[in-house]
Amino acid sequence: MSELPLRAQLASVLGRSAAGLSRATGRGDGSVIGGKIALKVEPDLLAKLARGRRLALVSATNGKTTTTRLISQALRDLGEVATNEHGANMPTGHITALSNNRSAVNGVLEVDEKYLPQVLVATQPEFVVLMNLSRDQMDRASEINLLAKRWRIALGKSNTRVIANADDPLVAWAGLGAPHATWVSAGQRWKEDSWCCPECGGHLRREQDPYWACPECGLSRPQTTWSVDNDSDVLVTPEGQRIKLRLNLPGDANRSNAAIAAATAAGYGLHPERTVERLREITSVAGRYTSVVTMGVEVRLLLSKNPAGWLESFAVLDPPATPVILSVNAQIPDGKDTSWLWDVDYRVLRDRRVFVMGERRTDLALRLETDGVRFETADRVDEVLAKLKAEQPGLTKVDLIANYTAFQQIRTAYGRVQ
């Protein structure tokens with residue numbers, strides 16, 4: 001990589017110093033403030049830091065942080081990797097990630113859906129990784145059809161290679177705007193945002209999953225070269241090789257993330273068998289899927305921020321005998337609008353012991369009541385555990401699903417578990 005100009009060097013140093021001060025004073029990990037300070041000094045710093053690197057940008061509504069971590073894990077076989085794998089996914093976080101590892105030729109950056117076109121122009125990445133698009137934070141982000149259109153336009157002006165989930169019509173339509181694409185059959189459990197054709201607005205024909213097509217304009221699912229077989233836990237490569245995944249992250253969603261990660265790593269020249277070996281080493285991502293033991297009970301932490309994410313969390317819950325805690329906030333990072341709660345089908349919880357927490361527990365309680373789910377309210381996890389232990393002395397496990405800030409508050413209470 002070429003040496004940074006003097007102004008950019010100064011901006012990078014000041015940004016790292018600000019980030020370090022933030023960490024030292026316990027105000028945060030410094031990713032955002034470091035980038036903000038650096039941008040004040042050199043507004044074009046992101047483009048300068050990206051020059052000469054082989055970058056992959058990862059964007060989606062769900063699974064960005066996990067897939068970024070998986071790709072980064074695989075690429076470490078090639079050396080150092082510059083990455084924001086803990087989730088600071090706007091340009092300020094990208095600047096911090098690239099500044100913190102100037103010697104890394106390879107980089108993987110999680111990118112907020114709204115910022116993808118801007119970051120694509122600035123960084124000129126080798127790969128753009130697209131997984132899914134569904135409704136999320138409607139008070140902050142645009143309608144997802146508008147997001148997909150912006151992606152498509154930006155990709156059409158770029159020479160990057162897209163690695164995308166062909167099973168999501170919105171993602172596929174956006175990716176079809178790129179001149180080069182690798183298509184993965186990664187699955188799509190949540191389909192409520194993709195019944196209409198993104199090209200003409202016609203009703204998509206989806207009789208045989210995962211295939212979809214528009215009978216009006218002819219838009220159809222691209223032919224895939226990579227796929228994941230969830231029933232047999234197998235990754236299928238373009239050569240037809242079937243590799244057992246055996247991941248230590250649960251659920252179909254993480255098999256999908258792994259398939260996308262393997263296809264991306266292959267673009268860097270890594271063999272999928274070795275990639276899968278590396279992916280098995282991951283047991284938790286920024287606290288997601290981590291279990292903490294408190295009061296003699298194992299509490300498994302699951303992050304879900306929108307209807308599609310809640311659907312995936314329900315799919316990995318332990319058997320019905322295991323109680324579940326649901327916690328919802330509505331702070332700025334979550335989105336102030338909680339109307340999305342009405343898009344989630346909670347009936348799967350009817351046979352469980354359910355507790356609700358968080359700033360918007362009343363909204364959640366009303367939604368559960370409408371779906372005929374019995375629930376109890378609580379203020380803290382320990383309060384729930386004390387009640388359960390008194391009634392069920394042999395209790396050993398509880399699942400906890402929370403949206404973003406609720407999840408972070410719970411992580412902090414347990415020492416920011418990894």
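Predicted model, so just to flag it, every value in this text is computed and none were measured. (Residues numbered from 1 in each chain as written. Predicted model: local features only at pLDDT ≥ 70, side-chain atom pairs only at ≥ 80, totals over all residues. Heavy atoms only, no water.)

Digging into the pattern of salt bridges
Stage number 1. This structure, assessed with the given rule, holds 26 salt bridges.
Stage number 2. Arg 274 is the salt-bridge partner of Asp 77, the closest N and O atoms lying 2.6 Å from each other. Taken together, the residues Asp 77 in the loop between α4 (64-75) and β2 (81-83) and Arg 274 in helix α10 (residues 272-279) connect sequence positions 197 residues apart.
Stage number 3. Across the pair Asp 167 and Arg 221 runs a salt bridge whose closest N-O atoms are separated by 2.7 Å. On the criterion of sequence distance, the pair formed by Asp 167 in the loop between β5 (161-165) and α8 (169-175) and Arg 221 in the loop between β6 (180-185) and β7 (226-229) is long-range, its members being 54 residues apart. Taken individually, Asp 167 and Arg 221 each receive the classification buried, so the pair is uniform in this respect.
Stage number 4. One continuous salt-bridge network, built from bridges that share partners, spans Asp 77, Arg 274, Glu 277, Arg 278 and Glu 281. (Salt bridge = Lys/Arg side-chain N within 4 Å of Asp/Glu carboxyl O. Helix = DSSP H or I, 4+ residues; strand = E, 2+ residues; numbered from the N terminus. Buried < 20%, exposed > 50% of the residue type's maximum accessible area, 1.4 Å probe, protein only.)

Notes on the environment of Asn 100
Stage number 1. Mapping Asn 100 onto the fold places it in helix α5 (residues 91-100).
Stage number 2. Overall, the relative accessible area of 47% leaves Asn 100 in the partly exposed class.

Considerations on the side chain of Ser 194
Stage number 1. Positionally, Ser 194 belongs in the loop between β6 and β7.
Stage number 2. A residue is classified by how much of its surface remains accessible, and Ser 194, at 1% relative accessible area, is buried.
Stage number 3. At 2.9 Å, the side chain of Ser 194 and the side chain of Arg 206 are in polar contact.
Stage number 4. When near neighbours in sequence (up to four residues on either side) are disregarded, Ser 194 contacts Pro 169, Gln 188, Leu 204 and Arg 206. (Polar contact = N/O pair within 3.5 Å; in protein donor to acceptor, adjacent residues only side chain to side chain. Contact = heavy atoms within 4.5 Å.)

What about unusual backbone geometry?
Stage number 1. A cis amide bond links Asp 209 to the next residue, Pro 210, at an omega of 10°.
Stage number 2. Here Pro 210 lies in the loop between β6 and β7.
Stage number 3. At Tyr 289, a residue that is not glycine, the phi angle is positive and equals roughly 75°.
Stage number 4. Among the secondary structure elements, Tyr 289 is positioned in the loop between α10 and β10 (291-294).
Stage number 5. Judged by relative accessible area, which is 21%, Tyr 289 ranks as partly exposed.
Stage number 6. Positive phi, close to 55°, is recorded for Met 295, a residue that is not glycine.

Comments concerning the packing of α4 against helix α9 (residues 251-267)
The packing of two helices is summarised by the inter-axis angle and the distance between the axes.
Stage number 1. The interhelical angle for the contact between α4 and α9, taken along N-to-C directions, is 40°, at an axis separation of 9 Å. Classified by the angle between their axes, α4 and α9 sit oblique to one another. Crossing of α4 against α9: the hand is right-handed. Counting all contacts with α4, which are made through Thr 66, Thr 67, Leu 70, Ile 71, Ala 74 and Leu 75, the residues of α9 involved are Asn 254, Asn 257, Ala 258, Ile 260, Ala 261, Thr 264 and Ala 265.
Stage number 2. Looking at the contact of α4 with α9, its residues break down into eight nonpolar, five polar and no charged. (Axes fitted to C-alpha atoms, helices over the stretch in contact; angles between N-to-C directions. Parallel < 35°, antiparallel > 145°, perpendicular 65-115°, else oblique. Left-handed = near helix turned anticlockwise from the far one by under 90°. Nonpolar A, V, L, I, M, F, W, Y, C, P; charged D, E, K, R; others polar.)

Some remarks on the layout of surface pockets
Stage number 1. The computed volume of the second largest pocket comes to approximately 910 Å³.
Stage number 2. Mapped onto the lining of the second largest pocket, the elements with two or more residues apiece are α4, β7, α9, β11 (297-303) and α11 (307-315).
Stage number 3. Tallying contributions element by element places α9 first for the lining of the second largest pocket, with seven residues.
Stage number 4. Across the lining of the second largest pocket, the residue classes break down as 15 nonpolar, 18 polar and 13 charged. (1 Å grid on protein atoms, 1.4 Å probe; cavity = no way out; pocket = protein on both sides within 12 Å on 5 of 7 lines; lining within 4 Å. Points joined across faces, edges and corners; volume = space filled by probe spheres on them.)

Purely geometric numbers; function is a separate question.
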